[in-house]
Amino acid sequence: MKKEYRIKKNEEFQQTFKHGKSFANRQLVIYYIEKKDQEHYRVGLSVGKKIGNAVTRNRIKRYLRQAFQEMDDRIKYPHDIVIIARQQTKKMSYEEIKKSLNHLLYKERLLKK
């Protein structure tokens, strides 16, 4: 995933948490806010230490980034999207994580028809 498509700064995460909308399923929580001055969506990933060791957390983030890359052409622009992984994601395969992410984006109407 390209650098300009990532949320890195804490202030940007906090703005999305405070002013954005949220939705959750059993595996993931999504926060999103519309940003009219952007040309593309941006993604921030958060996987807490309670989920597992560094290897597990990095695997989950890698799966989420890959899922976003595969759905790139279907995601509506200009949004900042923050994904928080829950405990159940450590046992999930890539396909399950992608399905869960797709469900969240579909429910919140962040996917193009």
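A quick note: this is a predicted structure, and the numbers were derived from the prediction, not measured.

What counts, and where the lines are drawn
- Residues numbered from 1 in each chain as written.
- Predicted model: local features only at pLDDT ≥ 70, side-chain atom pairs only at ≥ 80, totals over all residues.
- Heavy atoms only, no water.
- Core = buried A, V, L, I, M, F, W, Y, C linked by side-chain atoms within 4.5 Å.
- Buried < 20%, exposed > 50% of the residue type's maximum accessible area, 1.4 Å probe, protein only.
- Helix = DSSP H or I, 4+ residues; strand = E, 2+ residues; numbered from the N terminus.
- Contact = heavy atoms within 4.5 Å.
- Salt bridge = Lys/Arg side-chain N within 4 Å of Asp/Glu carboxyl O.
- Pairing = 2+ DSSP bridges.

Engineer: Describe the nonpolar core, and please don't skip the residues or the numbers.
Structural biologist: Within the largest apolar cluster, 25 residues are counted, with the highest numbers of intra-cluster contacts made by Phe68, Ile81, Ile83, Leu101 and Leu105. Within the residue set of this core, elements represented by two or more residues are strand 2 (28–34), strand 3 (42–46), helix 2 (54–70), strand 4 (79–85) and helix 3 (94–107). In terms of residue count, the dominant contributor to this core is helix 3 (five residues). Ignoring any residue separated from it by four or fewer positions in sequence, one finds Phe68 in contact with Met1, Tyr41, Val43, Ile75, Ile81, Ile83, Leu101 and Leu105.

Engineer: I'd like to hear about the pattern of salt bridges, residue by residue, with values.
Structural biologist: In the structure shown here, the tally under the stated rule is five salt bridges. Of the charged contacts, one joins Glu34 and Lys36 as a salt bridge, the two residues approaching to 3.2 Å between their closest N and O atoms. Note on Lys36: relative accessible area 70%, which makes it exposed. Here Glu70 and Lys98 are joined by a salt bridge, their closest N and O atoms 2.6 Å apart. You can see Glu70 sitting in helix 2 and its partner Lys98 sitting in helix 3, a full 28 residues away along the chain. One continuous salt-bridge network, built from bridges that share partners, spans Glu12, Lys35, Arg42 and Asp80.

Engineer: So, the pairing of strand 2: which residues are in play, and what are the values?
Structural biologist: On a regular strand, each side chain points to the face opposite its neighbour's, so the side chains alternate between the two faces of the sheet. A large share of strand 2 lies buried, amounting to five of its seven residues. When strand 1 (residues 21–24) meets strand 2, the two strands line up antiparallel, connected through four bridges. Looking across to strand 2, one finds that Phe23 is bridged to Ile30. The antiparallel pairing of strand 1 with strand 2 creates a hairpin that spans three residues between the two strands. Bridge count for strand 2 against strand 4 is seven bridges, and the pairing is antiparallel. Note on strand 4: the bridge partner recorded for Ile33 is Asp80.

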